[in-house]
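Listed below are the residues making up each chain.
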Amino acid sequence: MKRSRKTLQPGRQRKLLSLLSLPVFAFLVVPTLIVVPVALNNSRYITFPPGGVSLAAVQGFFADQAWTSALSASMQAAGIAVVLGTVFGASAALGLHGRKFPGQQAVVGLVLAPMIVPTVVLALAFYQFFISVGLVGSIIPIGLAHAVIATPYVYLTTRASLAGLNPALVRSAQSLGAGMLSVFRHVHLPVILPGLISGALFAFSVSIDETVMALFMQSPGATTLPVKMFTDIQFNLTPKIAVSSALLVTVATIGLLIQVVYVLKRRSTARMMPLAV
Amino acid sequence: MTTSVIAPATHQPSTTAARKGAIDLRQVRKTYGDVVAVDQLDLSIQPGEFVTLLGPSGSGKTTTMMMVAGFEEHTSGSVMIDGVPVDSLPPRERNLGVVFQNYALFPHMSARENVEFALRMRKVPKAESRRRADDALDRVGLSGLGGRKPRQLSGGQQQRVALARALVFNPAALLLDEPMAALDKRLREHMQEEIKTLQKSLGISVLFVTHDQDEAMAMSDRIVVMKDGRIVQSGPPEEVYNHPVTDWVASFLGDTNLIPATVISRDGEEAVVDLAGLGTGRVRDRGAQGERYAVSIRPEHLKFRAGPDGENGGAGELTSSTNLGATIRHRITVGGHSLQLRELSSDAGASGHAVGSAVHVGWDADKAQLLVLEG
Ligand SMILES: Nc1ncnc2c1ncn2[C@@H]1O[C@H](COP(=O)(O)OP(=O)(O)OP(=O)(O)O)[C@@H](O)[C@H]1O
Ligand SMILES: [Mg+2]
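Residues numbered from 1 in each chain as written. Chains lettered and ligands numbered in written order. Predicted model: local features only at pLDDT ≥ 70, side-chain atom pairs only at ≥ 80, totals over all residues. Heavy atoms only, no water.

Draft legend 1. Structural context of the overall build of chain B. A count of helical and extended segments in chain B gives 9 helices and 20 strands. Across its three principal directions, the C-alpha atoms of chain B cover 75 × 45 × 40 Å. Within chain B, the proportion of its 375 residues that are buried is 51%. Excluding contacts between residues fewer than 6 apart, the proportion of contacts in chain B whose partners are at least 24 apart in sequence is 67%. Summed over its atoms, the accessible surface of chain B is roughly 16500 Å², and 49% of this surface lies on carbon and sulfur atoms. One way to put it: in chain B the 42 positive side-chain charges average out to a point 9 Å from where the 46 negative ones average out. (Helix = DSSP H or I, 4+ residues; strand = E, 2+ residues; numbered from the N terminus. Buried < 20%, exposed > 50% of the residue type's maximum accessible area, 1.4 Å probe, protein only. Contact = heavy atoms within 4.5 Å. Areas by Shrake-Rupley, 256 points an atom, 1.4 Å probe, with all protein chains shown as cover. Lys, Arg positive; Asp, Glu negative; His and termini not counted. Charge placed at Lys NZ, Arg CZ, Asp CG, Glu CD.)

This is the structure:
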């Protein structure tokens, strides 16, 4: 085989690629990770570099009722967003799968719209809508709004996993006597489960992270973690803000790890099975 | 298990009252927009009969089967199972075992769970369904492999699971759409025999789809030849093969010699024809009407003759001989026609004609078939 002088061997190419990627990776990740040492600082203020290590700020965070109720509000909103967003997104993906009808693209566009419309526009719209129907002063409107913006993520991940579905499986289940629910349970569910899980994790992180809509619709008892951080940064700069940031990073990392472990496990079980002759 | 007799391919109702699995299609038509996939189709399958839909790609075989299974709705006409119209029944209530081309086994379930599925849907108690699933796996020669996932099974084994799964709930009939297309030749022939044996021992009706004429010949009680959404000919394999109604059917089912013919007289059974350059002769006739006619003689029905005796035949020149292993293919120019003659290699020594030599060939009157030239 002839090799030109300019191309590198595959092994070297890979090394060079990782060398180049490393700074980019660091640029993306390190600023986020800075919150962790700040949260574990022993100072009463936010300082960097940290003076010494202590869990004081973490303890302070969990002792402060304002912060814990913000955490709980975030979890409730995320809970609503995950459950409803997953149901909506998965239903849309299943309903649109393998069909062709006039106006289908418009329906897909509608499902994906919350991803494209600027959040502040959505926030204003939701704010006015929930006031007009009298649904204010609780975490529910925030959760519902988050469910709407989470839906396209679940739709996309579910749709991607449905692409691998053998349509004959649906027919064979039907010919064997399966009704609609059994077909869903035994044919669709096993196929879309990975998509559903990653969609649900997306929904969770979208909701946990969302600030603008939560700010518009906040009320006493319905102040989410990012909103609380946002207001405290302006008036009350304490390491608790860093603690809650670290908490969010941790939650996001755990979510990512679940996904990675799940994917690796599926791959290895698929590979472990020997093919019989 | 009883060894039952295959119902004859007649259209009289079956005498065994208990036997089920009659399928009737009456004037069934299916269109997709402007495309007519199936047109005015009449087809009756007797209980216990093995009927094959044979036709080229796009002739409407799958569409016909899917209308029987209930996955496609017909545009007009009626489908009946055991005399009951099923036009408004969804697939799951038609009680038909379907084997799909790539088996469509549930990948996350073991072979046994796949087989048990239909019983589970019918709320059969766990212990009984397990026993019946194991029985079914036994019957297809897979005992002991029930715990394997489909991807741990070979193609032939997967097909057996699919068969067991389609049979375990005692369906009224079995529908198979090109079930052997994914298997290699040898395994395919083996499975053909196995399926045929299984079908006979169960006495179940089968609607089988293939575009492989050898497969159709080997397995069927009756072959239904389809073209462009219509039935061109239907009958027992030997009849369709030896007595095709058109040149298209003759060529689709194998090699043949087509000699243009002019009809002198005919009575529906036999015809006297003038074969340009080969004189006049008597041939079989099925009464098919057309503009132009030809006579079809299969290469294996054309024989060398010792001399110019007998009425169907003539003298010519042997132009080539090709040894194909079991058979030898000769080409003979006779009366301006190039005819193919096929004989067993083991018979070839006796005749021993050299290429270029003068030969006499002929055929039996009942092996020559008058047919309509299409197009
Ligand atoms: N969903 C569909 N939409 C439009 N046309 C279709 C559809 N399904 C089948 N057809 C058309 O109907 C005709 C018959 O198709 P069918 O699949 O029944 O053929 P087939 O005999 O099974 O062919 P093959 O041997 O290739 O499987 C074809 O012309 C095909 O293009
Ligand atoms: Mg087909």
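Draft legend 2. Region of the structure containing the layout of surface pockets. Residues and elements named next belong to chain A. One number sums up the size of the largest pocket: a volume of about 670 Å³. Only helix 8 (167–175) and helix 9 (180–209) provide two or more residues apiece to the lining of the largest pocket. Considered class by class, the residues forming the lining of the largest pocket number 12 nonpolar, 5 polar and 3 charged. (1 Å grid on protein atoms, 1.4 Å probe; cavity = no way out; pocket = protein on both sides within 12 Å on 5 of 7 lines; lining within 4 Å. Points joined across faces, edges and corners; volume = space filled by probe spheres on them. Nonpolar A, V, L, I, M, F, W, Y, C, P; charged D, E, K, R; others polar.)

Draft legend 3. Representation of the interface of chain A and chain B. Counting residues at the interface gives 24 residues for chain A, matched by 27 residues for chain B. The three residues of chain A that bury the most area against chain B are Arg 171, Leu 176 and His 186 of chain A, which together make up 31% of that side's buried surface. For the salt bridge of Glu 72 of chain B with Arg 171 of chain A, the shortest nitrogen-to-oxygen distance reads 3.7 Å. At the junction of chain A and chain B, the tally comes to 3 residue pairs in polar contact (both at pLDDT 80 or more). Elements supplying a minimum of two residues to the side of chain A that touches chain B: helix 8, helix 9 and helix 12 (239–272) of chain A. Among the elements that take part in the side of chain A that touches chain B, helix 8 of chain A stands out by supplying 7 residues, more than any other. Its residues assigned to classes, the side of chain A that touches chain B shows 13 nonpolar, 9 polar and 2 charged. (Buried area = accessible area lost by both parts, 1.4 Å probe. Salt bridge = Lys/Arg side-chain N within 4 Å of Asp/Glu carboxyl O. Polar contact = N/O pair within 3.5 Å; in protein donor to acceptor, adjacent residues only side chain to side chain.)

Draft legend 4. Broad picture of the site of ligand 1. Residue and element names in this part refer to chain B. By nearness alone, every residue bordering ligand 1 is listed as Tyr 32, Ala 37, Pro 56, Ser 57, Gly 58, Ser 59, Gly 60, Lys 61, Thr 62, Thr 63, Glu 178 and His 211. In the environment of ligand 1, an oxygen atom lies 3.2 Å from a nitrogen or oxygen atom belonging to the backbone of Ser 59. Between ligand 1 and Thr 62 there is a distance of 2.6 Å, counted from an oxygen atom to a side-chain nitrogen or oxygen. Computed on the free molecule, ligand 1 has an accessible area of 630 Å², of which 61% lies beneath the protein chains in the complex. In terms of residue count, the dominant contributor to the shell around ligand 1 is helix 1 (residues 61–69) (3 residues). For the shell around ligand 1, the class distribution of residues is 3 nonpolar, 7 polar and 2 charged. (Near = heavy atom within 4 Å.)

Draft legend 5. Seen up close, unusual backbone geometry. All names here are of chain B. Positive phi, close to 40°, is recorded for Gln 40, a residue that is not glycine. The partly exposed category is assigned to Gln 40, whose relative accessible area is 34%. Unusually for a residue other than glycine, Tyr 103 sits at a positive phi of about 70°. By the secondary structure assignment, Tyr 103 is in the loop between strand 6 (96–99) and helix 2 (111–121).

Draft legend 6. A look at the UniProt feature "domain: ABC transporter" (unreviewed entry) in chain B. Within this structure's numbering, the places UniProt gives as "domain: ABC transporter" (unreviewed entry) are residues 23–253 of chain B. Each end of residues 23–253 of chain B is marked by a C-alpha atom, and these two atoms are 25 Å apart; helix forms 36% of the span and strand 26%. (UniProt positions renumbered as here; feature names shortened; annotations may be inferred.)

Draft legend 7. A look at the pairing of strand 3 (residues 50–54) of chain B. Residue and element names in this part refer to chain B. Across the 5 residues of strand 3, 5 count as buried, placing the element largely inside the fold. Burial along strand 3 is two-sided: Phe 50, Thr 52 and Leu 54 and Val 51 and Leu 53, pointing in opposite directions, are all buried. As paired elements, strand 3 and strand 9 (residues 222–227) share 4 bridges and run parallel to each other. By the bridge assignment for strand 9, Leu 53 is matched with Val 224. (Pairing = 2+ DSSP bridges.)

Draft legend 8. Inspection of the side chain of Arg 112 of chain B at higher detail. Along the chain, Arg 112 of chain B falls in helix 2. The contacts of Arg 112 of chain B, once residues within four sequence positions are left out, are Arg 130, Ala 133, Asp 134, Leu 137, Gly 146 and Gly 147 of chain B.

Draft legend 9. Just the UniProt feature "domain: ABC transmembrane type-1" (unreviewed entry) in chain A, in detail. Mapped onto this numbering, the UniProt entry gives "domain: ABC transmembrane type-1" (unreviewed entry) at residues 71–262 of chain A. With 81% helix and 0% strand, residues 71–262 of chain A has its two end C-alpha atoms placed 27 Å apart.

Draft legend 10. How the structure looks around the packing of aromatic side chains. All names here are of chain A. One pass over the full model with this rule turns up 10 aromatic pairs over all chains. With a centroid separation of 6.0 Å and 80° between ring planes, the pair formed by Tyr 127 and Phe 216 is classed as edge-to-face. On the criterion of sequence distance, the pair formed by Tyr 127 in helix 6 (residues 119–132) and Phe 216 in helix 10 (residues 212–216) is long-range, its members being 89 residues apart. Residue classification places Tyr 127 among the partly exposed residues on the basis of a relative accessible area of 32%. Relative to Phe 202, the ring of Tyr 153 lies with its centre 5.6 Å away and its plane at 25°, an arrangement referred to as stacked. (Phe/Tyr/Trp six-rings, centres within 6.5 Å; stacked < 30°, edge-to-face > 60°.)

Draft legend 11. The arrangement of the UniProt feature "transmembrane region" (unreviewed entry) in chain A in detail. Residues and elements named next belong to chain A. Residues given the UniProt feature "transmembrane region" (unreviewed entry) here are residues 20–40, 77–96, 108–129, 135–156, 189–208 and 241–264. Between the C-alpha atoms that bound residues 20–40 the distance is 32 Å, and the span itself is 90% helix and 0% strand. Secondary structure across residues 77–96 divides into 100% helix and 0% strand, with the first and last C-alpha atoms of the span separated by 28 Å.

Draft legend 12. Looking closely at the confidence of the model for chain B. Residues and elements named next belong to chain B. Per-residue confidence for chain B gives a mean pLDDT of 88; residues scoring 70 or more make up 94%. When pLDDT is averaged over each element of chain B, strand 3 comes out on top at 96 and helix 9 (residues 345–351) at the bottom at 70. Per-residue pLDDT stays below 50 along residues 1–18; that stretch engages in 30 contacts with residues further than four places along the chain or on separate chains. For this predicted complex, the interface confidence reaches an ipTM of 0.80, while the overall pTM sits at 0.78. (pLDDT = per-residue confidence, 0-100.)

Draft legend 13. Summary view of the sheet that holds strand 1 (residues 23–32) of chain B. All names here are of chain B. The strand order 2-1-4-5 describes an open sheet built from 4 strands, whose pairing is antiparallel. Edge positions in the open sheet fall to strand 2 (35–45) and strand 5 (84–85), since each of these has one partner strand only. Looking at chain direction, strand 1 and strand 2 are connected through 7 bridges and run antiparallel. Its bridge partner being in strand 2, Thr 31 is matched across the sheet by Val 36.

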